[in-house]
Amino acid sequence: MRTPRPGIYEVFAKGDIIYNDEKVNYVIAEGRLVDAKTRTDLTAERLRKLQAIPFDSLPLQQSFKVVRGNGKRKLAYFTDPNCPYCKRLEQELANVKDVTLHVFLFPILSNDSLEKSRAVWCSKDRAKAWTDLMLKDIAPKPAGNCAAPLEQVVRYGQDKGIRGTPTLIFADGSRVPGTLPAADLNKLLDDAAQSARPGGREDPPWNAKLRSSRNSRPSTPRSCSTAATASCSGPETRSCRSP
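Predicted model only: the values in this text are computed from it and were never measured. (Residues numbered from 1 in each chain as written. Predicted model: local features only at pLDDT ≥ 70, side-chain atom pairs only at ≥ 80, totals over all residues. Heavy atoms only, no water.)

Q: How do you make sense of the side chain of Asp41 when you look at a structure like this?
A: Note that Asp41 resides in strand β5 (residues 40-41). Among the polar contacts made by the side chain of Asp41, one reaches the side chain of Arg32 at a distance of 3.2 Å. (Helix = DSSP H or I, 4+ residues; strand = E, 2+ residues; numbered from the N terminus. Polar contact = N/O pair within 3.5 Å; in protein donor to acceptor, adjacent residues only side chain to side chain.)

Q: I tried to follow the pattern of salt bridges on my own but got confused; where do I start?
A: Two side chains carrying opposite charge are able to pair once their charged atoms lie near each other. Applying the stated criterion across every chain, the model contains 6 salt bridges. The residue Lys128 makes a salt bridge to Asp132 at a minimum N-O spacing of 2.7 Å. One end of the pair is Lys128 and the other is Asp132, both in helix α4 (residues 126-136) and 4 residues apart, which spans about a single turn. Classification of Asp132 as buried rests on a relative accessible area of 11%. Through salt bridges with shared partners, a single ionic network connects Lys128, Asp132 and Lys136. (Salt bridge = Lys/Arg side-chain N within 4 Å of Asp/Glu carboxyl O. Buried < 20%, exposed > 50% of the residue type's maximum accessible area, 1.4 Å probe, protein only.)

Q: Please clarify how the pairing of strand β2 (residues 16-21) should be interpreted in this entry.
A: Looking along a regular strand, one sees the side chains alternate between the two faces of the sheet. Inspection of the sheet shows strand β1 (residues 8-13) paired to β2 by 6 bridges, in the antiparallel sense. If you follow Ala13 over to β2, its bridge partner there is Asp16. Where β1 folds back on β2, the antiparallel hairpin that results is connected by 2 residues, among which Lys14 adopts a positive phi of roughly 50°. Two elements, β2 and strand β3 (residues 26-29), share 2 bridges in a ladder whose sense is antiparallel. (Pairing = 2+ DSSP bridges.)

Q: Can you walk me through the packing of aromatic side chains in this structure?
A: Pairs of aromatic rings are described using the distance from one ring centre to the other and the angle between the two planes. If you walk through the whole model with that rule in mind, you get 4 aromatic pairs. Considering the side-chain rings of Phe78 and Phe104, the 4.7 Å spacing of their centres and the 10° angle between planes classify their relative orientation as stacked. Within this pair, whereas Phe78 is found in strand β7 (residues 73-79), its partner Phe104 is found in strand β8 (residues 99-105), the two being separated by 26 residues in sequence. Residue Phe104 is classed as buried on the basis of its relative accessible area of 0%. Measuring from centroid to centroid gives 6.3 Å for Phe78 and Tyr156, while their planes differ by 10°, and the two rings are stacked. Taken as a pair, Phe78 in strand β7 and Tyr156 in helix α5 (residues 150-159) lie far apart in primary sequence, 78 residues in all. (Phe/Tyr/Trp six-rings, centres within 6.5 Å; stacked < 30°, edge-to-face > 60°.)

Q: What's the story with the packing of helix α3 (residues 111-121) against α4 in this structure? I'm lost.
A: Any two packed helices are characterised by the angle at which their axes cross and by the distance between the axes. One can describe the packing of α3 onto α4 by two numbers: an axis separation of 8 Å at closest approach and a directional angle of 140°. Between α3 and α4, the contacting residues are Lys116, Val120 and Trp121 on the first element and Arg126, Ala129, Trp130 and Leu133 on the second. Among the residues making up the contact of α3 with α4, the classes are represented as 5 nonpolar, no polar and 2 charged. (Axes fitted to C-alpha atoms, helices over the stretch in contact; angles between N-to-C directions. Contact = heavy atoms within 4.5 Å. Nonpolar A, V, L, I, M, F, W, Y, C, P; charged D, E, K, R; others polar.)

Q: In this structure, what is going on with the sheet that holds strand β6 (residues 64-68)? I would like to understand it.
A: Within a sheet, neighbouring strands are paired by backbone hydrogen bonds and run either parallel or antiparallel to one another. Read across the sheet, 5 strands follow the order β6-β8-β7-β10-β11 without closing on themselves; strand pairing throughout is mixed. The sheet is open, and its two borders are formed by β6 and β11 (175-177), each paired with just one other strand. Neighbour to neighbour, the strand axes of the sheet diverge by 20° on average, direction disregarded. Bridging between β6 and β8 involves 5 bridges; their strand directions are antiparallel.

Q: I tried to follow the environment of Ala147 on my own but got confused; where do I start?
A: Along the polypeptide, Ala147 turns up in the loop between α4 and α5. Between the alpha carbons of Ala147 and Arg118 there is a distance of 8.3 Å; along the sequence they are 29 residues apart.

Q: Is there a simple way to think about the pairing of strand β4 (residues 32-35) in this case?
A: Of the pairings in the sheet, the one linking β3 to β4 comprises 4 bridges and is antiparallel in character. Bridging across to β4, Tyr26 finds its partner in Asp35. Connecting β3 to the antiparallel partner β4 that follows it, the hairpin turn spans 2 residues, and Glu30 within it adopts a positive phi of roughly 50°. Pairing analysis gives 2 bridges linking β4 to β5, with the strands arranged antiparallel. Within the sheet, the bridge partner assigned to Asp35 lies in β5 and is Thr40.

Q: Is there a simple way to think about the state of the cysteines in this case?
A: What is meant by a disulfide is a covalent connection between two cysteines, made through their sulfur atoms. As enumerated under the stated definition, the model contains 1 disulfide in all. The disulfide that involves Cys122 links it to Cys146, with 2.3 Å between the sulfurs. Disulfide Cys122-Cys146: torsion about the S-S bond near -95°, hence left-handed. Note that Cys122 is positioned in the loop between α3 and α4 and Cys146 in the loop between α4 and α5, a separation of 24 residues in sequence. The partly exposed category is assigned to Cys122, whose relative accessible area is 25%. On the basis of relative accessibility, which here comes to 28%, the residue Cys146 falls in the partly exposed class. With no disulfide of its own, Cys86 has Cys83 as its nearest cysteine by sulfur position, at a separation of 3.2 Å. (Disulfide = S-S within 2.5 Å.)

If you want it as structure tokens, here you go:
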């Protein structure tokens, strides 16, 4: 069906309205522009570039490091101690070798998240306190008067549009929301390291494939809100989100 906009046609299918051009080269569905031939979500492609955070621009002094093996690969992530998918991420990361993890405590879910994050930051061995908490459910001792940069990290994350935990930042600046299996993490770490080198690939093949798999399920719940905790319990949910 023709629309008031020349060259744009309306299609009603399975209860939804989508729009396409006359030759059906492009489709607009659920607010996203899709290349109909390659099935590439062009909106996601554009967002990926706009939302990228250059790794060297991260305030790494407001994070702490966990080094595995030779630590050559690098990953930064924003995490909340009460987010179940952050705990799942830690379980997957335990199987990832030769990486330096930059952990940004991002307590957005509750006051208890804030207290636990402060206790971790104020521990003598932050890396051990964090892994004990997330993998063994051993809470660190309550913090004293230690100055923890938690408000600064939350403010930075919000300024960058980070609303959910975990949010991962790879060496090439690409941002991935939610937890991933160890095999996927290893692949992303390797390719991000290559892309970050001079002359590296701008958009490695795994990135497009991963985006396609994520974007093929737009209705899948991927985050939880402090106002709606139940939405964090779905089997396909991969991150927790502040309101």
